Amino acid sequence: MTKIKAWMDGELFCLTAQGHAGYNPKGPDIVCAGISTICCALGGALEKLGQVEVVQNPGEFFLRTQPNNQMQWGAIYGALTGLKMIEKKFPECVVADVEIEKTREYN
């Protein structure tokens, strides 16, 4: 099972994903592939928009950034929505604790 968590640590947004979804063997697992794609796309988008720390190893992903504009928050919320959709479709494979509120409003 893949466990995903997103939270705010002060002004920092953090996201972790750990474990193998177990939908199929490692390699052809579409659930793991979907989670990895969303996480990597989020890291790439945030890298284009500002500073981000990403650590990626087999079976684990960690991201930390200080979002300070609407584009960054848009990328974050888009990714969180996608991860929650995967959890809804494959609840036996994914637990996504990503209920997170924005800490600021941006114009």
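Structure: see above.
Notes on the structure in this doc start here.

Criteria and cut-off values
Residues numbered from 1 in each chain as written. Predicted model: local features only at pLDDT ≥ 70, side-chain atom pairs only at ≥ 80, totals over all residues. Heavy atoms only, no water. Helix = DSSP H or I, 4+ residues; strand = E, 2+ residues; numbered from the N terminus. Rg over C-alpha atoms; globule rule 2.2 N^0.38 Å. Buried < 20%, exposed > 50% of the residue type's maximum accessible area, 1.4 Å probe, protein only. Contact = heavy atoms within 4.5 Å. Areas by Shrake-Rupley, 256 points an atom, 1.4 Å probe, with all protein chains shown as cover. Lys, Arg positive; Asp, Glu negative; His and termini not counted. Charge placed at Lys NZ, Arg CZ, Asp CG, Glu CD. Axes fitted to C-alpha atoms, helices over the stretch in contact; angles between N-to-C directions. Parallel < 35°, antiparallel > 145°, perpendicular 65-115°, else oblique. Core = buried A, V, L, I, M, F, W, Y, C linked by side-chain atoms within 4.5 Å. Expected span 1.5 Å × (residues − 1). Polar contact = N/O pair within 3.5 Å; in protein donor to acceptor, adjacent residues only side chain to side chain. Phe/Tyr/Trp six-rings, centres within 6.5 Å; stacked < 30°, edge-to-face > 60°. Lys NZ or Arg CZ within 6 Å of the ring centre and 35° of its normal. Pairing = 2+ DSSP bridges.

**Quick notes on the overall build of the chain**
Thinking step 1. Counting its secondary structure elements, the chain contains two helices and five strands.
Thinking step 2. Secondary structure elements of the chain, listed N to C terminal, follow the sequence β-β-α-β-β-α-β.
Thinking step 3. Taking 13 Å as the expected radius of gyration for a compact globule of 107 residues, we find that the chain reaches 13 Å, a close match to that expectation.
Thinking step 4. If one aligns the C-alpha atoms of the chain with their principal axes, the spans along those axes are about 45 × 25 × 20 Å.
Thinking step 5. Relative to its 107 residues, the chain shows a buried fraction of 36%.
Thinking step 6. Considering only residue pairs separated by 6 or more positions, the chain has 55% of its internal contacts joining residues 24 or more positions apart.
Thinking step 7. Working note: accessible area of the chain is about 6,300 Å², and carbon and sulfur atoms make up 53% of it.
Thinking step 8. Positive and negative side-chain charges of the chain, numbering 10 and 12 respectively, have mean locations separated by a distance of 3 Å.

**Some remarks on the packing of helix 1 (residues 30–49) against helix 2 (residues 70–89)**
Thinking step 1. Put simply, helix 1 and helix 2 touch, their axes get as near as 10 Å, and they point 175 degrees apart. On the basis of the axis angle, helix 1 is roughly antiparallel to helix 2. Of the residues in helix 2, those in contact with Val31, Gly34, Ile35, Ile38, Leu42, Ala45, Leu46 and Leu49 of helix 1 are Met71, Gln72, Ala75, Ile76, Ala79, Gly82, Leu83 and Ile86.

**Observations regarding the side chain of Thr16**
Thinking step 1. Inspection of the secondary structure assignment puts Thr16 in strand 2 (residues 12–18).
Thinking step 2. Setting aside residues up to four positions removed in sequence, Thr16 forms contacts with Lys3, Ile4, Lys5, Trp7, Phe61 and Phe62.

**As for the nonpolar core**
Across soluble globular proteins, nonpolar side chains show a tendency to be buried alongside one another.
Thinking step 1. If you look at the biggest cluster of nonpolar residues, it comprises 25 residues, and the most contacted ones within it are Ile4, Phe13, Leu15, Val31, Ile35, Leu42 and Val94.
Thinking step 2. Not counting the four nearest positions on each side in its chain, Val94 is found in contact with Met1, Thr2, Ile4, Val31, Ile35, Ile86 and Glu87.

**Examining helix 2**
Thinking step 1. Its 20 residues give helix 2 an end-to-end C-alpha distance of 28 Å, which sits within 8% of 28 Å, the value for a rise of 1.5 Å per residue.
Thinking step 2. Where helix 2 is concerned, the buried positions are Gln72, Trp73, Ile76, Ala79, Leu80, Gly82, Leu83, Ile86 and Glu87.
Thinking step 3. The opening residue of helix 2, the one whose side-chain oxygen lies 3.0 Å from the backbone nitrogen of Met71, is Asn69.

**Considering the packing of aromatic side chains**
Thinking step 1. Going through the model one piece at a time under the given rule, you end up with two aromatic pairs.
Thinking step 2. With centroids separated by 5.1 Å and ring planes inclined at 75 degrees, the aromatic side chains of Tyr23 and Phe90 adopt a geometry described as edge-to-face. With Tyr23 in the loop between strand 2 and helix 1 and Phe90 in the loop between helix 2 and strand 5 (94–97), this pair connects stretches of sequence that are 67 residues apart.
Thinking step 3. Using a relative accessible area of 36% as the deciding quantity, one classes Tyr23 as partly exposed.
Thinking step 4. In this structure, Lys5 is placed above the aromatic ring of Trp7, and the distance from its NZ or CZ to the ring centre is 5.6 Å.

**Describing the pairing of strand 4 (residues 60–65)**
Thinking step 1. Pairing analysis gives six bridges linking strand 2 to strand 4, with the strands arranged antiparallel. Residue Gln18 lies in a different strand from strand 4, and its bridge partner there is Glu60.
Thinking step 2. Pairing of strand 3 (residues 52–57) with strand 4 involves six bridges; the strand directions are antiparallel. By the bridge assignment for strand 4, Val52 is matched with Thr65.
Thinking step 3. Counting the residues in the hairpin turn of strand 3 and strand 4 gives two residues, including Gly59, whose phi is positive at 80 degrees.

Read these as layout, nothing more, since geometry by itself doesn't imply function.
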